[in-house]
Amino acid sequence: MSLPSPVPAPLAGPGPGAPGSGGTGHPGDPIDEVEALARLRQSDDPSLQYYAAWWLGRHRSRHPEAVPLLLCALRQRRPRDPGAGVEENAVARNAARALGKLGDPAAVDDLLASLDDEDDGLREAAARALGELRALRAVPVLQRRLASGPSGAGAVRSDSPRLHEPCEAMLEALGEIGVAEAPVLAVIEPFTAHERPLIRSAACRALLQLSGEPCWATELLQLLEHPQLQVRRAALMDLGAVGWRPALEPICRTLAENSLKLIALRGLVENGEHHEFQTEHTAVLQAMDALL
Amino acid sequence: MSTIAARIEAVQQAASAQALFVATRALAEADHGESIDPAAIRCLVEVLGFNNPGAAVAAVDGLIRLGSSAVDPLLTSLDPRNYGARAWAVRALAGIGDVRGLELLEEALATDVGPSVRRAAACGLGQLQLASLEAAERHQVRERALSALVAGCTDGEWVVRYAVAVGLEALGRRMEPLPQQRQRTLTALEALSRLELEPTPVVRLRARLAQQRLQEQKP
């Protein structure tokens, strides 16, 4: 599970509202909706578009021009050119992320097309966005891209430490969308034995969301005790996303930042309704109070 | 068992992040007996500035155990340029609950860039200890803490608004506020519990729980 990131990564500077970031014109400065739309509309400076796309998603813009402009930005992608600074592809990725947050089904067609883009970063952003949009039509495409399993889609590329497919995002999207049919479960299941713990975590999360079978929680609870902090954090976020109530005590015991435990516990309250395990909300709230 | 001085030295000599954490925890848990060694407080305050989260958590716990004797060193030795150290100091002061920390807690909740610092400040504002104060000062402190928390209801981060609900409940329960203050507390909690005003379900739930508990309490 990717961690919450308040500032767009490649341009990480002062976020909106950070003190001392006065003045105008710098992509990291606080801006308003009108300015964000204007920056996205121009195409001379992709770095301004990049920040504008992020801004519109972060602030859940309801402006009628937001979605059309983001779709335009998504279509801006082109073959990668590493020397070009903030490339159009980075703008497209941020546009995809923002479209997931704005919740408009009008974005589904373009996001689906992006799932077959050659930029795996864009495929990743599109998969997450389609998950957030609960786009049923994404399920067959995601199934197809993951069908080759851990030794195909999940194999490490020869030119980088990345996998052939952004498996984590795609598995999580299948869990979010919620089609609990046997063929979908069958595509996800082999990834629970992937060599990378983050992929196992994503697969177990999806299966637990779809099937509610406690056996998939076992691996997630074990990952809360993994020696690497990054893995423990991912397992926290995944148990929260599922809303797995029996994880309350293990989450509280996990060696990780209170901020992340609080997000996981919030998930137990807000995402837990569909499970048979109904701990009193008060027990979770009490645990949250103790972490403040 | 090693003496306080030996434990301070172990912190100062620690050669790795893990060693610093272990030594700080040992110092934080030390039994000071009748009189607290000011050097131990200084040492724990210093650890807050080392950019070692594990050790800082241990130091905060230790400073909270030492209570009001740690307040002055925390307030006077703060380096305004070291954001991390300031953030940990806010947590320590929030945990200690001494009214001398009020101004820093108000400022942290209103302006700090870190949500984890604002959330600690919100909690701390609800836990200030007032028993030893004169009635007039007690009233003034309550008023300021309440105003700071009411303003915090519009914070942009859910976790801070959650902490504000917790702070308001604690303020309402432990401080026997005047009827007018009680009403402001309940009004603020009402706003945090309403669907059309508060977007985060868990915040609404926590605010409703706080409302319920305060209403069960005799005014």
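Keep in mind it's a predicted model, so treat the numbers as computed, not measured.

(A) Representation of the interface of chain B and chain A within the structure. The interface is formed by 18 residues belonging to chain B together with 17 residues belonging to chain A. Considering only the side of chain B, the residues that lose the most area to chain A are Arg119, Trp158 and Tyr162 of chain B, jointly responsible for 37% of the buried surface there. Across the chain B-chain A interface, the total number found is two salt bridges. Between Asp289 of chain A and Arg206 of chain B there is a salt bridge, with its nearest N and O atoms 2.8 Å apart. Across the chain B-chain A interface, the total number found is six residue pairs in polar contact (both at pLDDT 80 or more). Elements with a minimum of two residues in the side of chain B that touches chain A: α8 (115-126), α10 (158-174) and α12 (201-216) of chain B. Sort the elements by how many residues they give to the side of chain B that touches chain A and α12 of chain B lands first, with six residues. The residue makeup of the side of chain B that touches chain A, split by class, is 12 nonpolar, two polar and four charged.

(B) Region of interest: the packing of helix α6 (residues 83-96) of chain B against α8 of chain B. Residues and elements named next belong to chain B. Contact pair α6 / α8: the axes reach a minimum separation of 8 Å and the direction vectors enclose 20 degrees. With respect to their mutual orientation, α6 and α8 come out roughly parallel. Between α6 and α8 the crossing geometry is left-handed. Contacts from Tyr83, Ala87, Val90, Arg91 and Ala94 in α6 reach Ser116, Val117, Arg119, Ala120, Ala121 and Gly124 in α8.

(C) Representation of the packing of aromatic side chains within the structure. Inspection of every chain in the model, using the stated rule, returns two aromatic pairs over all chains. With a centroid separation of 6.5 Å and 85 degrees between ring planes, the pair formed by Trp158 of chain B and Tyr162 of chain B is classed as edge-to-face. On the criterion of helical spacing, the pair formed by Trp158 of chain B and Tyr162 of chain B is a turn pair, its members being four residues apart in helix α10. One residue, Arg266 of chain A, lies across the ring of Trp158 of chain B, its end atom 4.9 Å from the ring centre.

(D) Inspection of the environment of Glu181 of chain A at higher detail. All names here are of chain A. Relative to the helices and strands, Glu181 is located in the loop between α8 (167-177) and α9 (182-188). Take Glu181: its relative accessible area is 48%, and that puts it in the partly exposed class. Along the sequence, Glu181 and Leu210 sit 29 residues apart, while their C-alpha atoms lie 8.5 Å from each other.

Thresholds, definitions, all that
Residues numbered from 1 in each chain as written. Chains lettered and ligands numbered in written order. Predicted model: local features only at pLDDT ≥ 70, side-chain atom pairs only at ≥ 80, totals over all residues. Heavy atoms only, no water. Contact = heavy atoms within 4.5 Å. Buried area = accessible area lost by both parts, 1.4 Å probe. Salt bridge = Lys/Arg side-chain N within 4 Å of Asp/Glu carboxyl O. Polar contact = N/O pair within 3.5 Å; in protein donor to acceptor, adjacent residues only side chain to side chain. Helix = DSSP H or I, 4+ residues; strand = E, 2+ residues; numbered from the N terminus. Nonpolar A, V, L, I, M, F, W, Y, C, P; charged D, E, K, R; others polar. Axes fitted to C-alpha atoms, helices over the stretch in contact; angles between N-to-C directions. Parallel < 35°, antiparallel > 145°, perpendicular 65-115°, else oblique. Left-handed = near helix turned anticlockwise from the far one by under 90°. Phe/Tyr/Trp six-rings, centres within 6.5 Å; stacked < 30°, edge-to-face > 60°. Lys NZ or Arg CZ within 6 Å of the ring centre and 35° of its normal. Buried < 20%, exposed > 50% of the residue type's maximum accessible area, 1.4 Å probe, protein only.

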